[in-house]
Amino acid sequence: MDKYQVLKQCFGFDSFREGQETLIDGILAGKDVFGVMPTGSGKSLCFQIPALIMEGITLVISPLISLMKDQVTALNQAGVHAAYLNSSLTARQYEKALEYARAGRYPIIYVAPERLETEAFLDFALHTKIAMVAVDEAHCVSQWGQDFRPSYLKIVKFIKRLPTRPIVSAFTATATKEVREDIIDILMLQEPVMVTTGYDRPNLYLGVQHPGNKYEALRAFLEAHSNQCGIVYCLTRKLVEDISERLREDGVSVTRYHAGLSAEERRKNQDDFIYDRSQVMVATNAFGMGIDKSNVRFIIHYNMPGSVEAYYQEIGRCARDQEPGECILYYSGQDVVTNQFFLDHNTDNDQLDLVTRRIVSERDRERLRKMTFYCFTNECLRDYILRYFGEYHSNYCGNCANCLTRFETVDVTEMARALVGCVFSCRQRYGVNVILDTVRGANTAKIRQYRMEQSPYYGSLSRIPVYRLRQVMNYLEMQGFLSVTRDEYAIVKLTEQSGRILDRGEAVVMKMAQEEQDTGERSGERKRKKETVGTMLSPAGEGLFEKLRSLRAEIAKAEQVPPYIVFSDKTLVHMCMIRPKMETDLLKVPGVGAFKAGKYGEQFLECIRNNVVDDESYVVNEQLLPGKKPRKGKKEFAMTRELAEKIQYLECISLSDFVGQINGLRDDDTMKRLTIKSINQKLTADGYFEETVIDGYSRRTLTEVGEAFGITAEKRISEKGNEYEVFYYTERAQRQIVEWLLDSGNGLRCESTGLSS
Ligand code: ADP
Ligand code: MG
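Here's what I pulled together on the structure shown here. (Residues numbered from 1 in each chain as written. Chains lettered and ligands numbered in written order. Predicted model: local features only at pLDDT ≥ 70, side-chain atom pairs only at ≥ 80, totals over all residues. Heavy atoms only, no water.)

### Description of the overall build of the protein
Here comes step 1: Looking only at helices and strands, one finds 30 helices and 22 strands in the protein.
Here comes step 2: Projected onto the principal axes, the alpha-carbon positions of the protein cover approximately 90 × 80 × 50 Å.
Here comes step 3: When the 757 residues of the protein are sorted by exposure, 51% land in the buried category.
Here comes step 4: Partitioning the contacts of the protein with sequence separation of at least 6, the portion at a separation of at least 24 is 70%.
Here comes step 5: On the protein, roughly 36,000 Å² of surface is accessible, and the fraction owed to carbon and sulfur atoms is 48%.
Here comes step 6: On the protein, the mean spot of the 99 positive side-chain charges and the mean spot of the 104 negative ones are 3 Å from each other. (Helix = DSSP H or I, 4+ residues; strand = E, 2+ residues; numbered from the N terminus. Buried < 20%, exposed > 50% of the residue type's maximum accessible area, 1.4 Å probe, protein only. Contact = heavy atoms within 4.5 Å. Areas by Shrake-Rupley, 256 points an atom, 1.4 Å probe, with all protein chains shown as cover. Lys, Arg positive; Asp, Glu negative; His and termini not counted. Charge placed at Lys NZ, Arg CZ, Asp CG, Glu CD.)

Structure, rendered in structure tokens:
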């Protein structure tokens, strides 16, 4: 079999993803390879496919038992003989596995690094042809990485003992420059074929919130995502227990995980989550390494973690199926304090000498600061993270809270001057909290002890909410107007730039989220599209999906594997969209290979046959079907008589709903969508709306001609007491708009006059 056949027959995929082919070709050409690819990008296939083609055995080194087990189960499900050798096997099972291995039964063997130097294993390895050693999660060799495993250092020694050097391949998702260099050096990769596909996970929506009440925010989120599963990360074990308990009382299907639980309970809870028996996992960072569950739809951080490295690794468990996922961090000032406490009491580095320990500790504090800045930046969040890892992208991703928020520029000169002035007047001796408490005019023991109530700045910003002060403080630091010492005292110091504010009176402006009129949320957040493949199903489609899901659950239960190992959600959704009738059609569904089709095909086909009605529609919009993706260079939107006849006119509808309906009716996928903007432009140009600028915002108001045209305005009052208007279009207006569209052929021209009245 060649690589394409293996891809299709064993794994059920039609094409390779970015980077996979290069790495596979490299291995097949006998070269070392090194793949740095984000979580979920499909690194496993890069060593599994060559392993099935090459002569000899591939040893896969992997740091965790759960990881090995999952991958081996998945391979076995795909009809590939594979085994693992680690401490979870009894002596007898281990013997048996080695015996089969010697007999050449397994092309792929997963092995824990600790095993490499044991007598029994060496005896086997020295007498077998080992084609490749694949090091998965290769960052574990680096002391600079997140999960350094000393046992990974054994790998090289082991390779050196082999009679002929096998191909060595290494894979990781985490690779800052230091880690990357460490991997190449320590594993002694020989001129490896390198593939770096970058850190970006464009399917993850990123957001930061500063909720007044985190628990309520979480509950509301879970309520809105009641049919999805996800992880809630907390900083402490106690919080994990509290939150999971409260959620349980509130009726959420929840389980928990932290290092203080018994091994028994941890295993059970992890399984409950993986096997879809519990929807929400509340956990400390002890949970997650090796969690391959592909349909984790959200990751909520109830607390800010200690570094961007940790954060990115934790959200890496989200949406491995490459469907949209949401990663939201709930920040509070207390999180910084807790993390600082962890750093101050960290005993991990006790064996290090004093100098190194200081360097490491400063590095950790620096990481914490960078993480904190993430929570305060108003720039693109994705860009912030990618830059942190040394990748440069555009500063607009369109899928993070900041890119989706409308911002305004706010003059913060007065606040900046008071903060910098306060630092100056106390002779740069105190930390952030003392400075903030001083300008707020707080009456605390510390303030009295330091006599800060006598500072000329005491209470000078008392009317400004503290979160805003913190925002400005962080901004000043990010911009280099102030700096904070990296030791445990975190003293605020002046910088060379400080004079620009203090002496030269430079103005400071800052980008801040525009407060939303009606909800108080950051605006724009509501515009976010959440079109997962799942949401493409119509109610009938969802019904079928549920049927297929129960069938999958039955099979998974009988075979004692997690459901996603039988078929992923995505594969089931595609089955609903394609609704295969025969095995040949089934093989066209992504994720269905020959082996699985043979094994489960009939059951799934039968389920589809029994539940599909011929002229029912299973998909919301057939245009969105994969393979029907609109090509580039699409022609302009054009209204046709045929299309116009299908439109359902309602008594009253918003413009976006109306346009949405029209777009849903298009049956030509080479045609662009009709945009709301094009219609709005025409309406304004023709005098139905007037644009006025109030307080720096541009507002639209309905004119008399607009009313005559059939648009109505409804006044609303937001919770904050602001008045705003919502516009509705009567049937008359709807029909008129369609007439325009028909007249103009393709798109709308604004010059037209006198269409009103
Ligand atoms: P990584 O180790 O890079 O985090 P995995 O190897 O676990 O990622 O793969 C993640 C998911 O992507 C798996 O569900 C896998 O089946 C799927 N996958 C891998 N390669 C392809 C491909 N070429 N086409 C479609 N899906 C793929
Ligand atoms: Mg992996």
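### What about the pattern of salt bridges?
Proximity of charged atoms lets side chains of opposite charge pair with each other.
Here comes step 1: Applying the stated rule across the entire model yields 42 salt bridges.
Here comes step 2: The closest approach of N and O atoms between Arg277 and Asp272, which form a salt bridge, is 2.8 Å.
Here comes step 3: By relative accessible area, which is 51% here, Arg277 ends up exposed.
Here comes step 4: One network of salt bridges, in which partners are shared, links Asp276, Lys293, Arg552 and Asp569. (Salt bridge = Lys/Arg side-chain N within 4 Å of Asp/Glu carboxyl O.)

### A word on the site of ligand 1
Here comes step 1: With respect to spatial proximity, 15 residues lie near ligand 1, and among them Ser15, Gln20, Gly40, Lys43 and Ser44 are the closest.
Here comes step 2: In this structure, Ser41 approaches ligand 1 through a main-chain N or O atom, which is 3.4 Å from an oxygen atom.
Here comes step 3: Contact distances for ligand 1 include 2.5 Å between an oxygen atom and a side-chain N or O atom of Ser44.
Here comes step 4: Looking at the shell around ligand 1 element by element, the count peaks at three residues for helix 3 (residues 43–53).
Here comes step 5: The residue makeup of the shell around ligand 1, split by class, is four nonpolar, seven polar and four charged. (Near = heavy atom within 4 Å. Polar contact = N/O pair within 3.5 Å; in protein donor to acceptor, adjacent residues only side chain to side chain. Nonpolar A, V, L, I, M, F, W, Y, C, P; charged D, E, K, R; others polar.)

### Description of unusual backbone geometry
Here comes step 1: Positive phi is not limited to glycine here, since Gln322 has a value of about 70°.
Here comes step 2: Topologically, Gln322 is positioned in the loop between helix 12 (308–315) and strand 13 (325–330).

### Section: the side chain of Lys596
Here comes step 1: Looking at the element boundaries, Lys596 is found in helix 25 (residues 594–611).
Here comes step 2: Lacking a salt bridge, the buried Lys596 has Glu559 as its closest oppositely charged neighbour, with an N-O distance of 9.1 Å.
Here comes step 3: The contact partners of Lys596, leaving out residues within four places of it in the chain, are Gln77, Ala78, Ile565, Val566, Phe567 and Gly601.

### Quick notes on the environment of Asn402
Here comes step 1: By secondary structure assignment, the location of Asn402 is in the loop between helix 15 (381–388) and strand 14 (407–411).
Here comes step 2: A relative accessible area of 5% means that Asn402 is categorised as buried.
Here comes step 3: Sequence spacing of Asn402 and Cys652 is 250 residues, and the spatial spacing of their C-alpha atoms is 33 Å.

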